[in-house]
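So the chains spell out like this:
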Amino acid sequence: MSSSAYLSSASAHRAYTLSDFDFELPPQLIAQHPAAERSGSRLLDGSSAKVVDRIFHELPGLLNAGDLLVFNDTKVVKARIFGEKASGGKLELLIERVLPGHQVVAHMKVSKKPLVGGKMFLAGGARNGGFDAVLLGRWPNENGQLFHLQLSDEPHALMEKHGHVPLPPYIEHTDTEEDAQRYQTVFARAPGAVAAPTAALHFDEGVLNALTAQGVQTASVTLHVGAGTFQPVKTENIAEHTMHSEWYEVPEATQQAIAACKARGGRVVAVGTTTVRTLESWAKFKQSSGDTQIFITPGFEFQVVDRLITNFHLPKSTLMMLVSAFAGYEHIMGLYRHAIAQQYRFFSYGDAMLLTRNTLESQSN
């Protein structure tokens, strides 16, 4: 199949609404388990107008010596915790962020929210080998959707001992040992994510070695992926959507590697939308670390990323908007039609695609 023409000048200037990013996805294409081998996933090569069906382990041959591959080295933590209120009511926490002093910020599923100062017993509570928590209030302010909690011990140690892998809402099984291994990249280093940077899940030692042999260089950034990555956009006017906040860092060594890559005429290849958001936040706001709420929609001016490796995303999601901004709306929708027709596997445990930045789109704003 030949994808739609990359982008006409007319479509570059159109105003997009939420409905533009909707599509029908057969439920059976939502991957419930990873491929048998990481690099055995399929790779839809959409890097030009001619679409090619490939296998992920072919990726090194699609890159050039001197290109720079940038990964997100965040590590998924076992952030889902089950427990109960003092009244006995069941609850579920998804710890989004760890703060100093054994404090955390979390999403809470519970029939009736506890009062400030209320005590919660997680994993059976301290009296039964688990731990306790006290509700300090909402976060980041009194009207915030998240909850600010004081835990009885160090949060990362508690999550590792009592927590569950925070699988996405569209994966229907409870977490297993396979998930603990495969919903994590092979180079995960910095704990703090509640969702994996899923495009990087396809990389294994064989692919990494082949990239090195090809002369492709690598660097890393950190963005602790939050549960907001699954948050649906609910406003038809996408400009009215409030983007979730995530913490990121672009190390000095990575900044230097990007500068050197650009100087030698290489391409910066982002592995995943989280890496794109990190690099473009750094370029746009001139801050090497901090929180970002960057919302990338068609018309965005990309400053760093030249190519993108990404999985297939949820309809009406901010990630659909990001990839459309990057590669061109018509091209992306054509790729998605092709992927559905060819039975590609979607979302976190699904297949990947390779995209090239469409300069007409990014310069149209």
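Structure's up top.
Conventions adopted
- Residues numbered from 1 in each chain as written.
- Predicted model: local features only at pLDDT ≥ 70, side-chain atom pairs only at ≥ 80, totals over all residues.
- Heavy atoms only, no water.
- Pairing = 2+ DSSP bridges.
- Helix = DSSP H or I, 4+ residues; strand = E, 2+ residues; numbered from the N terminus.
- Axes fitted to C-alpha atoms, helices over the stretch in contact; angles between N-to-C directions.
- Contact = heavy atoms within 4.5 Å.
- Buried < 20%, exposed > 50% of the residue type's maximum accessible area, 1.4 Å probe, protein only.
- Arc of directions from axis to C-beta.

## Examining the sheet that holds strand 10 (residues 146-151)
At step 1: Pairing within the closed barrel is antiparallel, and its 6 strands lie in the order 5-6-7-10-9-8. Neighbour-to-neighbour, the strand axes of the sheet open up by a mean angle of 45 degrees, direction not taken into account.
At step 2: Across the sheet, helix 2 (residues 155-162) is in contact with strand 5 (80-85), strand 6 (90-99), strand 7 (103-110), strand 9 (131-139) and strand 10; its angle to strand 6 comes to roughly 140 degrees.

## Regarding helix 4 (residues 205-214)
At step 1: Within the span of helix 4, buried status applies to Val207, Leu208 and Leu211. Projected down its long axis, helix 4 shows its buried positions confined to an angular sector of 100 degrees, all on one face. Summarising the geometry of helix 4, the exposed residues directed more than 90 degrees from the buried face are Asn209, Thr212 and Ala213.
At step 2: Turning to helix 4, the residues buried within the fold contact strand 3 (68-72).
At step 3: Following helix 4 by one or two positions, Gly215 has its phi on the positive side, about 90 degrees.

## With respect to the sheet that holds strand 2 (residues 52-55)
At step 1: Taken in spatial order, the 9 strands make up an open sheet running 2-1-17-16-14-3-12-13-15, and their pairing is mixed. The open sheet terminates on both sides in strands that have one partner only, identified here as strand 2 and strand 15 (289-292). Averaged over all pairs of adjacent strands, the angle between strand axes in this sheet comes to 25 degrees, irrespective of strand direction.
At step 2: Sheet topology note: the strand 1 (residues 42-46)/strand 2 ladder contains 4 bridges and is antiparallel. Residue pairing for strand 2: Leu43 is matched across the bridge by Arg54.

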